[in-house]
Amino acid sequence: MSNKTLPPFWISAIPIIVLIGLLSINIIFFGTDSLAGPSQIALFAASFVAVGLGIWKCKRSWNCMEESISANIRTTSLSIFILLAIGMLSASWMISGIVPTMIYYGVKLIDARIFLMSACLLCALVSLMTGSSWTTIATIGIALIGIGRAFGFSDGWTAGAIISGAYFGDKLSPLSDTTVLASSAAETPLFTHVKYMAYTSVPSLLISLIIFAIAGFVGNDIVIQDTSEFENALKDTFTISLWFLIVPAITGFMIYKKVSSLIVLIVSALMGIIVALIFQPQILMQIGGGSADGSLTAGGLYIGVMKMLGVSTSIETGLPLLNSLVATRGMAGMLNTIWLILAAMMFGGVMNACGMLKSFSHTLFRKLVRTRVGLVASTIINGTFLNIVTGDQYISILLTADMFKEEYESQGYENRLLSRSCEDGATVTSPLVPWSTCGMTQATVLGVATIVYLPFCFFCYLSPIISIITAIFGWKIHKNVVYQ
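Everything numeric in this text was worked out from a predicted model, so none of it was measured.

## What about the overall build of the protein chain?
Piece 1. Helix and strand counts for the protein chain stand at 24 helices and zero strands.
Piece 2. Oriented by its inertia axes, the alpha-carbon framework of the protein chain measures out at about 75 × 45 × 45 Å.
Piece 3. Residues counted as buried form 59% of the 484 residues belonging to the protein chain.
Piece 4. Surface summary for the protein chain: the accessible area is close to 19400 Å², and the carbon and sulfur share equals 67%.

## With respect to the pattern of salt bridges
Piece 1. Under the defined criterion, the tally for this structure stands at three salt bridges.
Piece 2. Asp155 is the salt-bridge partner of Arg149, the closest N and O atoms lying 2.9 Å from each other.
Piece 3. Classification of Arg149 by relative accessible area gives buried; the value is 13%.
Piece 4. Its salt-bridge partner being Arg416, residue Glu414 comes within 3.0 Å of it at the nearest N-O pair.
Piece 5. Taking the relative accessible area as the measure of exposure, Arg416 reaches 11% and is therefore buried.

## Some thoughts on the packing of helix H8 (residues 177-185) against helix H20 (residues 393-411)
Piece 1. As a packed pair, H8 and H20 sit with axes 9 Å apart at the nearest point and diverge in direction by 15 degrees. In terms of orientation, H8 and H20 fall into the roughly parallel class. Once H8 is placed against H20, the crossing between them reads as right-handed. Every residue of H20 that contacts H8 at Asp177, Thr178, Leu181, Ala182 and Ala185 is listed here: Gln393, Tyr394, Ile397, Leu398, Ala401 and Lys405.
Piece 2. Looking at the contact of H8 with H20 residue by residue, the classes come out as seven nonpolar, two polar and two charged.

## Some points on unusual backbone geometry
Piece 1. Of note in the backbone geometry, Lys59 takes a positive phi value of approximately 60 degrees without being a glycine.
Piece 2. Structurally, Lys59 can be placed in the loop between helix H2 (38-56) and helix H3 (62-95).
Piece 3. We classify Lys59 as exposed; its relative accessible area is 66%.
Piece 4. One non-glycine residue with positive phi stands out, namely Lys476, at about 60 degrees.
Piece 5. When you line up the elements, Lys476 lands in the segment after helix H24 (458-473).
Piece 6. Lys476 sits in the partly exposed class, given a relative accessible area of 33%.

## Quick word on a nonpolar patch on the surface
Piece 1. Taken together, the side chains of Ile465, Ile469, Ile472, Phe473 and Trp475 present a nonpolar region at the surface, about 540 Å² in accessible area.
Piece 2. Looking at where Ile469 falls in the secondary structure, it is placed in helix H24.

## What to know about the side chain of His193
Piece 1. Its location among the elements puts His193 in helix H9 (residues 190-218).
Piece 2. When its relative accessible area of 0% is taken as the criterion, His193 is described as buried.
Piece 3. At a separation of 2.9 Å, a polar atom in the side chain of His193 contacts the side chain of Glu423.

## Focus: the packing of H8 against helix H21 (residues 415-427)
Piece 1. Viewed as axis vectors pointing N to C, H8 and H21 meet at an angle of 135 degrees, and their least axial separation amounts to 8 Å. As judged from the angle between their axes, H8 and H21 are oblique. The handedness of the crossing between H8 and H21 is right-handed. Only Ser419, Glu423 and Thr427 of H21 make contact with H8, whose side of the interface consists of Thr178, Thr179, Ala182 and Ser183.
Piece 2. Residues that form the contact of H8 with H21 fall into these classes: one nonpolar, five polar and one charged.

## Considering the confidence of the model for the protein chain
Piece 1. On average, residues of the protein chain score 84 in pLDDT, and 93% of them are at 70 or above.
Piece 2. Least confident of the elements in the protein chain is helix H10 (residues 220-223), whose mean pLDDT is 48; most confident is H24, at 94.
Piece 3. Between residues 220-224, whose pLDDT stays under 50, and residues either more than four places distant or in other chains, the model counts nine contacts.

## Re the environment of Met197
Piece 1. Within the secondary structure, Met197 is located in helix H9.
Piece 2. Note: C-alpha distance between Met197 and Leu181 (16 residues apart in sequence) is 14 Å.

Thresholds applied
Residues numbered from 1 in each chain as written. Predicted model: local features only at pLDDT ≥ 70, side-chain atom pairs only at ≥ 80, totals over all residues. Heavy atoms only, no water. Helix = DSSP H or I, 4+ residues; strand = E, 2+ residues; numbered from the N terminus. Buried < 20%, exposed > 50% of the residue type's maximum accessible area, 1.4 Å probe, protein only. Areas by Shrake-Rupley, 256 points an atom, 1.4 Å probe, with all protein chains shown as cover. Salt bridge = Lys/Arg side-chain N within 4 Å of Asp/Glu carboxyl O. Axes fitted to C-alpha atoms, helices over the stretch in contact; angles between N-to-C directions. Parallel < 35°, antiparallel > 145°, perpendicular 65-115°, else oblique. Left-handed = near helix turned anticlockwise from the far one by under 90°. Contact = heavy atoms within 4.5 Å. Nonpolar A, V, L, I, M, F, W, Y, C, P; charged D, E, K, R; others polar. Patch = residues over 30% accessible without salt bridge, like charges linked within 9 Å, V, L, I, M, F, W, Y side chains within 5 Å. Polar contact = N/O pair within 3.5 Å; in protein donor to acceptor, adjacent residues only side chain to side chain. pLDDT = per-residue confidence, 0-100.

Here it is as structure tokens:
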């Protein structure tokens, strides 16, 4: 679609204003519960407004918009199955005692004063090796939330450290789908793209680690506390054994061998089921409803496994703080997230088919892109804006690269600057948007609302800021250079 056929700015702005207005009203009336239905309805309502304007003012057919919606949903179909697999994995690893074991020994071995910094660094390394922030957060992230609670840290601080580290690793890993997507969309060689991102990502992580270290030491009188009650409640409820850590080790090996993410998650969930059946049968019986005489029965175990994987479960540990931690939601806990993804894909599909996204962005950034700083800042702001509007980082990366590629070329800037700016805007800000696929997923998996952890995701703020600062000084930014 050429710029000449794009709809007027005021037309493009109406659905966005409607969406932002409805989302704001939902937050006022529902708070964090707005993601359990009201936000999805807001996306549908804004989509219907966009459809009406598209047919009436933009002269687009419904078939055109329908195809765009279908294309958007196809791009996220694998993510939906991955979400369901994560639901099974997190539940089976919790009930089997794998996550409780990680929490138990983590509380014993990690110094509370450097916990936040350690959590961030650990997630960065794991995500760098696996290329997946989602997998990192769904496995060791859950354990770190438990350790943080045992030390007395707020969930916001702990989740911020986990997400900061996980998205650093995801962004710099050549195994990451967003990294590959951004380099491909901007026509930049993959490893050139990765090396160039290090100039903004590494300083952002180092500053984040310093902040988390200071927070740990400054809050020394608050977080250093007796964790024996927490440890005893874990041991009394679950069978704890270091042998259970073989399961995450096998998971790591599969990821190292570049096995499909979906297969890794399903196989890991199956291993969790086996461990639960062997070592935690009483807990499964409790979930399954138990038996009259308290004995183990095949039917009770079967019901326990099905409930563990499919629906919400609760286990009485004698410690309220621990009860909330070991409660699981299974696949059913992911349904609000999936509903939100589908609603966001509908809105983004209609807006894209009608050319409203391009019209809105081009109008806002037409004057800014005339300078180096303005061009980089516009790219980053556009990627963040598209995360808010479309709710999906993949769409944001692709659309941002497409919108700005011609401008970078006309000004003579190298492709690697475009690919890095796309990631500094679209990838790292995605978990900060409550209704985006990333924001909703991380909030669901960690059990921490997006608006609660949002202030503490320092890497996600620093990365785009430092990217703009490097543009101000022109560091490592060149014109008319082709990188192979």
